[in-house]
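Observations on the model geometry
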Number of protein chains: 4
Amino acid sequence: MKRAVRIGVMGPGDAAPDELEMAEAVGRGIAGRGGILVCGGLGGVMEAAAKGAALAGGVTLGILPGHSPDSANPYISITVVTGMSHARNLVNVLTSQAVIAVGGAYGTLSEIALALKSGRPVVALKSWRLKEMGCDDALFVDAETPQEAVEKAFQAAEAAL
Amino acid sequence: MKRAVRIGVMGPGDAAPDELEMAEAVGRGIAGRGGILVCGGLGGVMEAAAKGAALAGGVTLGILPGHSPDSANPYISITVVTGMSHARNLVNVLTSQAVIAVGGAYGTLSEIALALKSGRPVVALKSWRLKEMGCDDALFVDAETPQEAVEKAFQAAEAAL
Amino acid sequence: MKRAVRIGVMGPGDAAPDELEMAEAVGRGIAGRGGILVCGGLGGVMEAAAKGAALAGGVTLGILPGHSPDSANPYISITVVTGMSHARNLVNVLTSQAVIAVGGAYGTLSEIALALKSGRPVVALKSWRLKEMGCDDALFVDAETPQEAVEKAFQAAEAAL
Amino acid sequence: MKRAVRIGVMGPGDAAPDELEMAEAVGRGIAGRGGILVCGGLGGVMEAAAKGAALAGGVTLGILPGHSPDSANPYISITVVTGMSHARNLVNVLTSQAVIAVGGAYGTLSEIALALKSGRPVVALKSWRLKEMGCDDALFVDAETPQEAVEKAFQAAEAAL
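Residues numbered from 1 in each chain as written. Chains lettered and ligands numbered in written order. Predicted model: local features only at pLDDT ≥ 70, side-chain atom pairs only at ≥ 80, totals over all residues. Heavy atoms only, no water.

So, about the relation of the copies chain D and chain C. Rotating chain D by 180 degrees about the axis while translating it 0.0 Å along that axis superimposes it on chain C, leaving an RMSD of 0.0 Å. Both chain copies can therefore be described as sitting about a two-fold axis. When C-alpha positions in chain D are compared against the rotation axis, the closest is assigned to D:Val80, at 4.2 Å. (Least-squares fit on C-alpha atoms with pLDDT ≥ 70 in both.)

Structure follows, in structure tokens:
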């Protein structure tokens, strides 16, 4: 069985309007290329990305920190319920073939770090600027637009196969 | 968004022929009713159930214990990669609205116990006979055939909503 | 560095008086032999076992499911805070060189199963009667008294080295 | 029961000589103040910190990612075995009342982020320079020497009570 590419979108539940707009465009772009959107399943960037993907006809996977599927945002088509709070951040990134980070929260930073630790490529879109901190890892790239982020994420996912 | 019902099938990677046959029929029944099959993603009962569901056109979610999607059996359509070894058993049962246990391995017993602890209904098909140990929990029922197991699981999942 | 033997005591937070009495005797026995008591850190059997060990001068390790050390019972000398709810049951058993199960709750059953799955010996004291369900695993033994349980657990822990 | 203060030391398994020297001094300082050292239990910074603490007579808690206590470094007095790979990073930081980060690996970055997300104060010693990335969180402070790091960590742990 040929599986669809899984691209994660990581970002805060409490996000600024421009972050939400970018996340929705990223989700739309992932679904437009036939990818499955992976996210943390809650609000903010997670919901905006899922909305973009769902309205474009895509499959959206929401990996939840709590014990109930009821916390998922309305654009999640398949809920994964971990019951492990922030430890689900590891599941988010391992499940993704590449990760797009939007915005600068701590949870997002933990996901960037866990992704790089686990060999998953990361594209940063208005997120933590690790390059400026001396990080020259080939797995970490910046993007300026949602379209560029989606393109780089699919490229990285395919290169990692 | 109306989500499809998620039914888990839990059972050993090293299974007897009659267990595999039952698991495949269970998977077929879940897909036939429009449910998503949730399983541990590896071989044995997990693969047989996924095969039954996939060949019937269903979506199959494989929640893997390791760090790579490559360990998934070929009938898994969407891989979830946890990197948490047996702790993923909790994710298996929380993600499922009802669980069908096939066969009598220890991993399966841990999933039955975690499901009951978490309020997820369990249908046992040739599995651990908790009733005989004095367990009279309404969440735990036995089934004699794959068809009966699927029917009871969907009933329990709907009753739990 | 020679490490002290770590013996887990698993049992329900909501326990009967005779279970609490047995758990306290088990904890006292573990500390009396110089072992470290490992438990889930909360009330009921966990607290009784920790009380027995602490009052006998032993070290008590409480592996908590929540996000704060404040939920630990007062007899825990060292708290481990997992934030992973029932997934901490795996940490409980892997941390223990042998496990004594007291009483018959589902969480305890999950710990027995995860222990056997992971190769950790289990001594059952008025707990789930797996032998009657056909389990003839050498790692699973019954005990009739707290003293017998402690003795068998230390024997099993030493044999497993 | 009054519990000893638990201070985490997070840093890479593959570390430079000056990082190891700092980590050992940090461990010595923690034990000298009567604290319990919490770490990931493996080599590099984890081992150096545990060595410093153990040789000063302190208790050292090693929270391991694998399934066996055998991977612990020789200076760990109490092993916690999680079997959850990088998800144990969450256990490391939640178990610590304050965290000292030494060096700049990705695992360490994930621990800094998870600590801040979970409200655990972080002292960075030659580690990720989040201040320069605009992080002005009161929970995150830099230190120039091991002594300063230990002092700030104990202050933060006490302030957080």
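Across all of its chains, the model carries one cavity of 30 Å³ or more by this definition. By volume, the largest cavity amounts to about 40 Å³. Around the largest cavity sit A:His86, A:Ala87, A:Leu90, A:Leu114, D:His86, D:Ala87, D:Asn89, D:Leu90 and D:Leu114, which together line it. In terms of residue class, the lining of the largest cavity is built from six nonpolar, three polar and no charged. (1 Å grid on protein atoms, 1.4 Å probe; cavity = no way out; pocket = protein on both sides within 12 Å on 5 of 7 lines; lining within 4 Å. Points joined across faces, edges and corners; volume = space filled by probe spheres on them. Nonpolar A, V, L, I, M, F, W, Y, C, P; charged D, E, K, R; others polar.)

Residue-level contacts link 29 residues of chain A with 29 residues of chain B. Summed over both sides, the interface between chain A and chain B buries roughly 2,400 Å², with carbon and sulfur atoms accounting for 63% of that surface. Put simply, chain A and chain B have zero salt bridges between them. In this assembly, chain A and chain B are joined by ten residue pairs in polar contact (both at pLDDT 80 or more). Mapped by element, the contributors of at least two residues to the side of chain A that touches chain B are strand 4 (78-81) and helix 3 (88-95) of chain A. Along the lines of polarity and charge, the residues of the side of chain A that touches chain B split into 18 nonpolar, eight polar and three charged. (Contact = heavy atoms within 4.5 Å. Buried area = accessible area lost by both parts, 1.4 Å probe. Salt bridge = Lys/Arg side-chain N within 4 Å of Asp/Glu carboxyl O. Polar contact = N/O pair within 3.5 Å; in protein donor to acceptor, adjacent residues only side chain to side chain. Helix = DSSP H or I, 4+ residues; strand = E, 2+ residues; numbered from the N terminus.)

Residues and elements named next belong to chain B. Of all five residues that make up strand 1 (residues 6-10), five are buried, and the element is covered over most of its length. Of the two faces of strand 1, both are covered, the one formed by Arg 6, Gly 8 and Met 10 as well as the one formed by Ile 7 and Val 9. One ladder, built from three bridges, connects strand 1 with strand 2 (residues 36-39); its direction is parallel. Paired with Ile 7 across the two strands is Leu 37, which belongs to strand 2. Chirality of the crossover, the property in question, places the unit of strand 1, helix 1 (residues 17-32) and strand 2 among those that are right-handed. Bridge count between strand 1 and strand 5 (residues 98-102): four bridges; the pairing is parallel. Counted as the bridge partner of Ile 7 is Ala 98 from strand 5. (Buried < 20%, exposed > 50% of the residue type's maximum accessible area, 1.4 Å probe, protein only. Pairing = 2+ DSSP bridges. Right-handed = clockwise from strand over helix to strand, strands pointing away.)

Residues and elements named next belong to chain B. Looking at the secondary structure, you find Gly 29 in helix 1. Using a relative accessible area of 24% as the deciding quantity, one classes Gly 29 as partly exposed. With 20 residues separating them in the primary sequence, Gly 29 and Ala 49 have C-alpha atoms 9.6 Å apart.

With that settled, the discussion passes to the interface of chain D and chain C. Many authors give the size of an interface as the accessible area that is lost as the parts come together. Contacts between the two partners involve 29 residues from chain D, matched on the other side by 29 residues from chain C. For the pairing of chain D and chain C, the buried interface totals around 2,300 Å² over both sides, and the portion due to carbon and sulfur atoms is 63%. Across the contact surface, chain D and chain C share zero salt bridges. At the junction of chain D and chain C, the tally comes to ten residue pairs in polar contact (both at pLDDT 80 or more). Secondary structure elements with two or more residues in the side of chain D that touches chain C: strand 4 (78-81) and helix 3 (88-95) of chain D. When its residues are assigned to classes, the side of chain D that touches chain C shows 18 nonpolar, eight polar and three charged.

The transformation that overlays chain A on chain B combines an axial shift of 0.0 Å with a rotation of 180 degrees, and the residual RMSD is 0.0 Å. Interface overlap between copies is the fraction of interface residues in one copy that are interface residues in the other; for chain A against chain B it reaches 100%, indicating a shared surface.

Time to look at the sheet that holds strand 1 of chain B. Note: strands within a sheet are paired through backbone hydrogen bonds, in either parallel or antiparallel orientation. Residues and elements named next belong to chain B. As summarised here, the arrangement of the seven strands in space is 4-3-2-1-5-6-7, forming an open sheet in which the pairing is parallel. Edge positions in the open sheet fall to strand 4 (78-81) and strand 7 (140-143), since each of these has one partner strand only. Pairwise comparison of adjacent strand axes, ignoring direction, gives a mean angle of 25 degrees for this sheet. Pairing of strand 3 (residues 60-64) with strand 4, which is carried by four bridges, proceeds in the parallel orientation. For Leu 61, the partnering residue across the bridge sits in strand 4 and is Ile 78. (Axes fitted to C-alpha atoms, helices over the stretch in contact; angles between N-to-C directions.)

Residues and elements named next belong to chain C. With their axes 8 Å apart at the nearest point, helix 1 (residues 17-32) and helix 5 (residues 146-159) run at an angle of 45 degrees to one another. Relative to helix 5, the element helix 1 lies oblique. For the crossing formed where helix 1 meets helix 5, the hand is right-handed. Here Met 22, Ala 25, Val 26, Gly 29 and Ile 30 of helix 1 lie close against helix 5, whose contacting residues are Pro 146, Gln 147, Val 150 and Phe 154. By residue class, the composition of the contact of helix 1 with helix 5 is seven nonpolar, two polar and no charged. (Parallel < 35°, antiparallel > 145°, perpendicular 65-115°, else oblique. Left-handed = near helix turned anticlockwise from the far one by under 90°.)

To continue, consider the packing of aromatic side chains. For the structure on display, the rule yields four aromatic pairs over all chains. Above the face of the B:Phe154 ring, B:Arg33 is positioned so that its terminal group lies 5.3 Å from the ring centre. (Phe/Tyr/Trp six-rings, centres within 6.5 Å; stacked < 30°, edge-to-face > 60°. Lys NZ or Arg CZ within 6 Å of the ring centre and 35° of its normal.)

With that out of the way, let us pick up the pairing of strand 2 (residues 36-39) of chain D. Residue and element names in this part refer to chain D. The side-chain alternation of strand 2 yields two buried faces, one formed by Ile 36 and Val 38 and the other by Leu 37 and Cys 39. Pairing between strand 2 and strand 3 (residues 60-64): three bridges, direction parallel. Residue pairing across strands places Val 38 opposite Leu 61, the latter belonging to strand 3. Handedness of the strand 2-helix 2 (residues 45-55)-strand 3 crossover: right-handed.

Moving on to the pattern of salt bridges. Residues and elements named next belong to chain B. One pass over the full model with this rule turns up twelve salt bridges over all chains. Notably, a salt bridge pairs Arg 129 with Glu 132, separated by 3.0 Å at the nearest N-O pair. What makes Arg 129 partly exposed here is its relative accessible area of 38%. By relative accessible area, Glu 132 is classed as exposed at 60%.

Function cannot be read off these values alone, since they describe shape.
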